[in-house]
Amino acid sequence: MRALSLAVAGPLLMVLLWEAIVRSFGVPVYVLPAPSAILLKTWADLPKLLDGLSMTLFEAGVGYVIGSLIAMVLAVLFILYPRLERVALPALVAMNSVPVVAFAPVALLWFGSGPASKIAMVTMAVAFAVFVNAHQGLRSVDESAANLLRSFGAGPLRQMALLRLPAALPSIMNGLRVAVVRSMIIAIVAEMLSAYKGLGWTIFEATQQVDFLRAWAAIAVASAASMVWYGIVNWIDQRFVFWR
Amino acid sequence: MDGPADSAAPPMLQLTNLSKTFDSGHGRLVALERIGIEIGCGEFVTVVGPSGCGKSTLFNILAGLAEPDTGAKILYNGEPRMAPELLGKVAFMPQRDLLLPWRRVVDNAILPLQVEGIPRAEALKRAQPLFVEFGLSGFERHYPQQLSGGMRQRVALMRTFLFERDLTLLDEPFGALDALTRSLMQRWLLDIWQRHQRTILFITHDVDEAIFLGDRVLVMTARPGRIKLVLDVPLARPRPPEMLTSPEFIALKRQVLAAIEEESIKSFQQVAEG
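Residues numbered from 1 in each chain as written. Chains lettered and ligands numbered in written order. Predicted model: local features only at pLDDT ≥ 70, side-chain atom pairs only at ≥ 80, totals over all residues.

### A look at the overall build of chain A
Counting its regular elements, chain A contains ten helices and zero strands. Listing every helix and strand of chain A by position from the N terminus yields α-α-α-α-α-α-α-α-α-α. Going through the 244 residues of chain A one by one, you find that 36% of them count as buried. (Helix = DSSP H or I, 4+ residues; strand = E, 2+ residues; numbered from the N terminus. Buried ≥ 20, exposed ≤ 12 C-beta atoms within 10 Å, placed from the backbone.)

See the structure below:
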C-alpha cells in the first residue's frame, strides 16, 4: 500500500509542478498547455478521442497478438530444429537491426493508408522484440534440468512442453512487456505518416490546424491507454510467473 | 540381505572396460579408465572418491546421457546396451534437486510419470501413498521454494522413486545438507530402500556415509578415474546410528581412508608438479 501511494505520489507531484510553472510564468499554449487545460479538452473531446483510440488500439492490439504468435512459433521451431536456426537466425538479426519505422513508406505502399499497413508494421516490431526474448529464454534452460528430463525418457517435444516453455516464461513476459510500448509507438508514428483515423492521425491533424490543446489531449489519451495495457501485462506476469 | 553373490541370478548391471576420455583444447583428459563393476539385484552399492574422480561422468553414462569410449561393455539385466539406450531405463537423481519452481511438490514428484504419458489423475493416485513415507504429507500443494533443503531433497528422491526402474542412481543426494539432517536422511533412506527393494548405486564423498549405507563400497581414484578398492561391508542391517563408532565400522573406515589417502597424496603431487 505504501509502495503504491509512493508510486502515485511521484507523477502527481510532477503534474502539480507542471501546472504551477505554466500558470506562474504564463507559458503560451503552443509551447506547453497546463495539465488542467489538457484534462478539460480531453473531457470535451472524449467521444472523438475514444474513436481515434479504438482505431489505434485495434491496430496495435492485432499486430501485438499476431507478432507475438509468430515470434513464439519461430522461437520454438528454432530450438527444435537447430539447423533451421543456423540458416534463418543471421537473416533475422540483420532485419532486426534496421529500425521498423524505416519500412513505413513501403508498408504504406503495399497495404494502403488503412489499418492493414499499421498492423503489418506493429506485427514486425512486436515479433522481433518477443522473438529475441523468447529465443533467449528457451535456449538458456539449465542443462542439468534438461538432462534430468532426458533421463526420464523425454524427447525434444516433451522437454519443450514440460521444461523449456515454462522456464522461458519470465523472458517471454519481458518481451511481451517491451512489445506493448513498441506497438503503441509504431501504430501512432505510422498513423502520423498516413491514415484516415487514429490517435496518431489526430495528433498530426491537430498540429497542422494549430490546435495544440487537441494534440496534447490525444497524447494524454495515448499515454493513458499505453499505461493501462502495460499494467495488464505486468499483472499477468506477476500473477502467473510467481516463481522468478 | 548381503549381496547377490549367494544367488545364481546374473548381475543386474555389469560394466566391463568402461573408459571415458574428454578431448579438450588443452589435450586429452582421461576421466574414467577401464572401470569394471557388477551390481546385483537389490544391492546398495556406494561409490566414494575425491572430487574430480569421474563419479558424475560414470553416472551420466549409466543414465544414458553420455557415451563411453569404444570398447566399453554395458550389460543391463543381462542385455548388452549402448549408453543412449539407457535413457528412460535408469532412475537418475542428479546432485542438485532440480525441482521446477512452477510446479507444486506433488507435480514435481510425478514429473517422470507425466513424461511417460501417464495421465495426471493416475499419477497422483500412485504418488499419494508415498507422501507420508517421504515425510511430505501436508506439503503436497506447496511450491519447492517454500521448503527446507532436506525436504526439497526428499521431494527429489520421491520423484526418483516414482520413476520405477530396476536401477536407481543417486549422486550425492545429501551433499548439501547439514550433518544432523544428513544422518537422519541416511537412516530414512535405508528404511525406504529395504521396504521398496530397489537396487541403488550411490555416490558420495563422505566415507562414513559410504560405509553406513552400502552393502559394498567402491573407492575410486582421481584422473584417471579407476576403481581402487572394492570393499564388502558385512555389517548387519538394520544399522543403528551407534554403529558409526563400533570397532568393526572403524576397521572398515580405516581401510577406505588408507586407500583414499594414498590417492589424495598422489593427485596432490600431480598438482604440485603440474
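### Looking at the interface of chain A and chain B
Tallying the contact residues gives 14 residues for chain A and 20 residues for chain B. Put simply, the parts of the chain that give the side of chain A that touches chain B at least two residues each are helix H7 (143-151) and helix H8 (156-193) of chain A. The dominant element in the side of chain A that touches chain B, judged by the number of residues it contributes, is H7 of chain A, at seven residues. A breakdown of the residues in the side of chain A that touches chain B according to their chemical character gives eight nonpolar, four polar and two charged. (Contact = placed C-beta atoms within 7 Å. Nonpolar A, V, L, I, M, F, W, Y, C, P; charged D, E, K, R; others polar.)

### Remarks on the environment of Leu18 of chain B
Residues and elements named next belong to chain B. With respect to the helices, strands and loops of the structure, Leu18 is situated in strand S1 (residues 13-24). For Leu18, a count of 21 C-beta atoms within 10 Å gives the class buried. Distance from Leu18 to Gly138, taken between C-alpha atoms, is 45 Å for residues 120 residues apart in sequence. Leaving out residues up to four positions away in the same chain, Leu18 has contacts with Leu32, Ile35, Pro68 and Ala72.

### Examining the sheet that holds strand S3 (residues 44-48) of chain B
Residues and elements named next belong to chain B. The sheet built from six strands is open, its strands ordered S6-S7-S8-S3-S9-S10 with mixed pairing. Two strands close off the open sheet at either side, each with one partner strand: strand S6 (90-93) and strand S10 (227-232). On average, each strand axis in the sheet is inclined to that of its neighbour by 15°, with strand direction left out of account. Looking at chain direction, strand S9 (residues 216-220) and S10 are connected through five bridges and run antiparallel. Following the sheet pairing, Arg216 is matched in S10 by Asp232. (Pairing = 2+ DSSP bridges. Axes fitted to C-alpha atoms, helices over the stretch in contact; angles between N-to-C directions.)

### With respect to the pairing of S1 of chain B
It is a general feature of regular strands that their side chains alternate between the two faces of the sheet. Residues and elements named next belong to chain B. Relative to strand S2 (residues 27-39), S1 runs antiparallel, the two sharing nine bridges. Residue Thr21 lies in a different strand from S2, and its bridge partner there is Val30. Hairpin geometry of S1 and S2 is characterised by an intervening segment of two residues between the two adjacent antiparallel strands. Note that S1 and strand S4 (residues 73-76) share four bridges and pair antiparallel. Bridging from a neighbouring strand, Leu13 pairs with Tyr76 of S4.

### A short note on the nonpolar core
Among the nonpolar cores identified, the biggest contains 125 residues, and Met121 and Val130 of chain A together with Leu169 and Val256 of chain B are the most heavily contacted of them. Counting residues per element, this core draws most heavily on helix H6 (residues 115-139) of chain A, at 14 residues. Excluding residues within four positions of it along the chain, Met121 of chain A makes contact with Val100, Phe103, Ala104, Ala107, Ile186 and Ala190 of chain A. (Core = buried A, V, L, I, M, F, W, Y, C linked by C-beta atoms within 7 Å.)

### Let's talk about H6 of chain A
When the terminal C-alpha atoms of H6 of chain A are compared, their 35 Å separation across 25 residues agrees well with the 36 Å that a helix rising 1.5 Å per residue should span. Of all 25 residues that make up H6 of chain A, 21 are buried, and the element is covered over most of its length. (Expected span 1.5 Å × (residues − 1).)

### Overview of the sheet that holds strand S5 (residues 79-80) of chain B
Residue and element names in this part refer to chain B. Strand order in the open sheet made by the four strands is S2-S1-S4-S5, with antiparallel pairing throughout. Edge positions in the open sheet fall to S2 and S5, since each of these has one partner strand only. With respect to the sheet, helix H1 (residues 55-62) is in contact with S1 and S2, its orientation differing from that of S2 by roughly 65°.

### Focus on the confidence of the model for chain B
All names here are of chain B. Scored by pLDDT, chain B comes out at a mean of 89, with 95% of its residues at no less than 70. Predicted confidence for residues 1-6 stays below pLDDT 50, and this span has 13 contacts to residues more than four positions away or in other chains. We note a pTM of 0.85 for the whole complex and an ipTM of 0.87 for its interfaces. (pLDDT = per-residue confidence, 0-100.)

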